[in-house]
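Each chain, written out:
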Amino acid sequence: LLPCRMLRHSQVRTFPLLQIQINGRSRTQHAPRRALATLLSEKRINASSDIEALSESVALNEFRAYLDASKSRSAPIQSSPLGLPATATVPLLQSIFTTFWLHYHSRVASLCGEGFYTIGPCGEENLSGAALALEEEDSVALHYRHLGISVLRGWRRRSDGKYDQKSFEKVVLDRARGYTVSLVDPVTSGNHCALGGNPTDFIVTSTLASQAPPAVGRALGNTLAHHVIKSSDHLTFPKKAVHYVTLGDGSINNAHFLAALNLARYAQHNRQKCPVVFGISNNEMCISLKGNKYLSNFLQSAGVQVFECDGNRIGEVYQSTRDAVEYSRKKGRPSIVVYKDLKRRFGHAATDRQNAYLEDEEIEEQRAGGNLELACEDAVASGEISWDEVARIFEEVGATVEHAFDEASQEPKVSERKQQLEQASQPRVEIPRLLQDAGYEGKVAEGRKDIMRKNMNKGLAEQLETNPRVVYLGEDVEHGGYYLVTDSLAKKFPRRVRDFPPDETTLIGAGMGYAQAGLVPIVEIPYAKYLDCGADMFFEACVSNWLSGGKAGLGMVFRLQGFDRGTFGGNFHTHNTLHMPPGIDVVCYSNGEDYVRGLRGAVKQAEGGRLTMLVDCTDLLNKRHLVGKDKGWLRAYPADSGEALSVHDVRVYGTNPSGRGKIAVVSYGNGVVTSLQAREELSAELKEDVDVIDCMLLSEAPDGLKEELQMYDKVVFADICKEGQNPFSGMLPTLNRTVDNGGAELSKKQWSLIAACKTYNPLGNLVTFLNVEDVKAAINEINER
């Protein structure tokens, strides 16, 4: 006999056409007919002896025996109300059972080769009641062990106040889809197994506590959003929303949580509204590291209001969570609610080797749990349910969950690379190519010319003036920043140009939260090297659209300054390597005119839920001259606010107004100036015309570059990043393809690639950067081929 009472259904099923949503686009895909031998139900029968040996199966049989014995117990003479909302006790108990059964079947499915995620919530099922303390429009981001809260929160009530059974079955099926990585999982579309996915329930990755900084950002951002946004269409949460985020006790040591708590305390100290609630479950285990009561010590200096309860008692969980939520809602301050005395049953995940760090007695004590029994006893003692009903509901939930796994396991899984590529980012907002067919050296603005920094300042002011959703976040930006790019903006736009404490994890996480609250944040990273300090939060932002299966865009603009050539600050202020993961457009402009148009385009993309990073070369900000005192690098401000650059635009600096030369030097940022200066020095001795192509998009090969390269016989790529880790190296596979396959047939041309030295940049010296002599040598070498 199997330890689970299996729900029988037809052995072979025919599945209909499925409508898959990717980035808002509908795609029809067949759910294939599965042969009998591949059905999960059949595999369970074949693996019955292995399933019986699971710790979860032993615990299941023990709990069933407990329920059978409890049926003969007398009902309480006097009920003990739990203080829960009306009609909530039975659905709460059902959610608790669902959490156990989902974990059980995730382990069974994994053993049968049909499940792929086994991090377990068991021991923390009774935290489900925290969902009852939250409003539907409060934002939630849940640690992966807090599955029960997600189950009950996703279960909808009818107009009569009762919980709808059909919505419960959908919640269960959707969770099973996550474990079996079904393509129709509404959370990640088969890309991962994660909680969240509802409009105010945010997806959490497997990175410890990375959900915490954006939660604080949502709390701060929502307050500002209601101050500056007049149209409710762009507001994500109501004004009095609370932002609830959970983690385990081990995660309080993680830099993400410490950064988030520090920001919440900083806001509280400065009397800024920050209604965030940190829910911390304490089982005294962080995989193999024991807590040794450190959480209690930590909370003594938490600096925010702390609420505590026994996490095994369903009434206490609800009441303490309610108290914390209402405190934060009423006061506008952060709080912590701690769920104490929990057990971690069955280890961290199926791969967890508990016997390597726990004694057998400790493992058994954890496995025995007792929390399910307490939940049942509290529910029966309330007088709202009998022992017979408890046992019946437990088995019915088990059958529902088993059926959901059987169905989900037969649904299609990720099978196409194209889907994965589409889901990395939201679709680009269509912006016509401004420089395409614009003639010699492209479109040039007319009027009074100025240095790049001042045009950038005007461009930022234009965005803040014309779009009330735009906010500017950074470090030392209110007084104008290190390079005066934000000079006077804070005075013109109070509250919307804001300084943050000097921590990039905090800054980027807050920016993510601001975006989720309906704002369009421009986040300034003061120096390119400092992005490393917040790198994981940056990667979290980049992966967010893909993780949601293309359904949850994150519209932001990063402004990365302090990049490349300079003598001030040494390597840590002249960093010349770039992070370019999937999910973000990285662009670098060489002059103020193109920067302004590019900024307009980036903000449009952010409004469409897409990420862009603008990279600023420090040496260009105040640059006036190209050669001698010619004022050749000053540019006029493009006054038409409707003019924006497409990322696929490139600018060609030619030498012959009637056509293209034979040699092209492709570069960006400082490299454009360096290449133009090299061309000028070689002009007297070269017989061939040399054109310089300013390639502004770095994270992929732009269409404009592919088109232009078809016109040249010889190409030099002059990259200002370091050898072996530079943008042009990443473009070469694409450019080598045929034109019909989206390339430029570079393999048929003479080409070379030069880049900066693969080392670090010394203080007060320019020796390691790409220079004029490097470009001259490359041009001469390819010219002689």
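Each value, and the rule that gives it
- Residues numbered from 1 in each chain as written.
- Predicted model: local features only at pLDDT ≥ 70, side-chain atom pairs only at ≥ 80, totals over all residues.
- Heavy atoms only, no water.
- Pairing = 2+ DSSP bridges.
- Helix = DSSP H or I, 4+ residues; strand = E, 2+ residues; numbered from the N terminus.
- Axes fitted to C-alpha atoms, helices over the stretch in contact; angles between N-to-C directions.
- Contact = heavy atoms within 4.5 Å.
- Buried < 20%, exposed > 50% of the residue type's maximum accessible area, 1.4 Å probe, protein only.
- Salt bridge = Lys/Arg side-chain N within 4 Å of Asp/Glu carboxyl O.
- Phe/Tyr/Trp six-rings, centres within 6.5 Å; stacked < 30°, edge-to-face > 60°.
- Disulfide = S-S within 2.5 Å.
- Patch = residues over 30% accessible without salt bridge, like charges linked within 9 Å, V, L, I, M, F, W, Y side chains within 5 Å.
- Areas by Shrake-Rupley, 256 points an atom, 1.4 Å probe, with all protein chains shown as cover.
- Lys, Arg positive; Asp, Glu negative; His and termini not counted.
- Charge placed at Lys NZ, Arg CZ, Asp CG, Glu CD.

1. A closer look at the sheet that holds strand β19 (residues 663-667)
- What the 5 strands build is an open sheet, ordered β18-β20-β19-β21-β22; its pairing is mixed. Two strands in the sheet have a free side with no partner beyond their single neighbour: β18 (650-653) and β22 (750-756). Within this sheet the neighbouring strands show an average axis-to-axis angle of 20°, counted without direction.
- As defined by bridge partners, β19 adjoins strand β21 (residues 714-722) across 4 bridges and the pair is classed as parallel. When the bridges of β21 are listed, Ile 663 appears paired with Lys 714.
- Seen against the sheet, helix α22 (residues 727-735) touches β19, β20 (690-695), β21 and β22 and runs at an angle of roughly 145° to β21.

2. A closer look at helix α5 (residues 147-154)
- Of all 8 residues that make up α5, 8 are buried, and the element is covered over most of its length.
- When we look at burial in α5, the residues that qualify are Leu 147, Gly 148, Ile 149, Ser 150, Val 151, Leu 152, Arg 153 and Gly 154.

3. Focus: the pattern of salt bridges
- Following the criterion strictly, the structure yields 42 salt bridges and no others.
- Note that Glu 462 is salt-bridged to Arg 600, the shortest N-O span being 2.8 Å. Highlighted residues: Glu 462 in helix α15 (residues 452-466) and Arg 600 in helix α19 (residues 592-607), separated in sequence by 138 residues.
- The structure contains a network of salt bridges with shared partners spanning Lys 170, Asp 174, Arg 177 and Glu 411.

4. Overview of the sheet that holds strand β13 (residues 520-525)
- Taken in spatial order, the 6 strands make up an open sheet running β12-β11-β13-β14-β16-β15, and their pairing is parallel. Each end of this open sheet is capped by a strand with a single partner; those strands are β12 (497-499) and β15 (585-588). Averaged over all pairs of adjacent strands, the angle between strand axes in this sheet comes to 20°, irrespective of strand direction.
- For strand β14 (residues 556-563) and strand β16 (residues 611-617), the ladder comprises 6 bridges, and the chain directions are parallel. Each residue of the ladder has a partner; that of Arg 559, found in β16, is Leu 614.
- Across the sheet, helix α17 (residues 504-516) touches β11 (470-474), β13 and β14, and the angle it forms with β13 is around 170°.

5. Focus on the packing of aromatic side chains
- All chains considered together, the criterion is met by 28 aromatic pairs.
- Where Trp 101 meets Phe 394, the ring centres are 5.0 Å apart and the plane angle is 40°; that geometry is what we call tilted. Pair noted here: Trp 101 is in helix α4 (residues 89-111) and Phe 394 is in helix α13 (residues 387-409), with a separation of 293 residues, a long-range link. Exposure class is identical for Trp 101 and Phe 394. Each is buried.
- Summarising the aromatic geometry, the rings of Tyr 527 and Tyr 530 are spaced 5.2 Å apart at their centres and angled 70° between planes, so their arrangement reads as edge-to-face.

6. A few points about the state of the cysteines
- Within this structure, the stated rule accounts for 0 disulfides.
- Considering cysteine sulfurs only, Cys 122 is the nearest to Cys 376, which forms no disulfide, with 14 Å between them.
- Between Cys 617, a cysteine without a disulfide, and Cys 588, which holds the nearest cysteine sulfur, the sulfur-to-sulfur distance is 3.9 Å.

7. Details of a positive patch on the surface
- A contiguous patch of positive charge on the surface is contributed by Arg 271, Lys 330, Lys 331 and Arg 333.
- Residue position: Lys 331 is located in helix α10 (residues 314-331).

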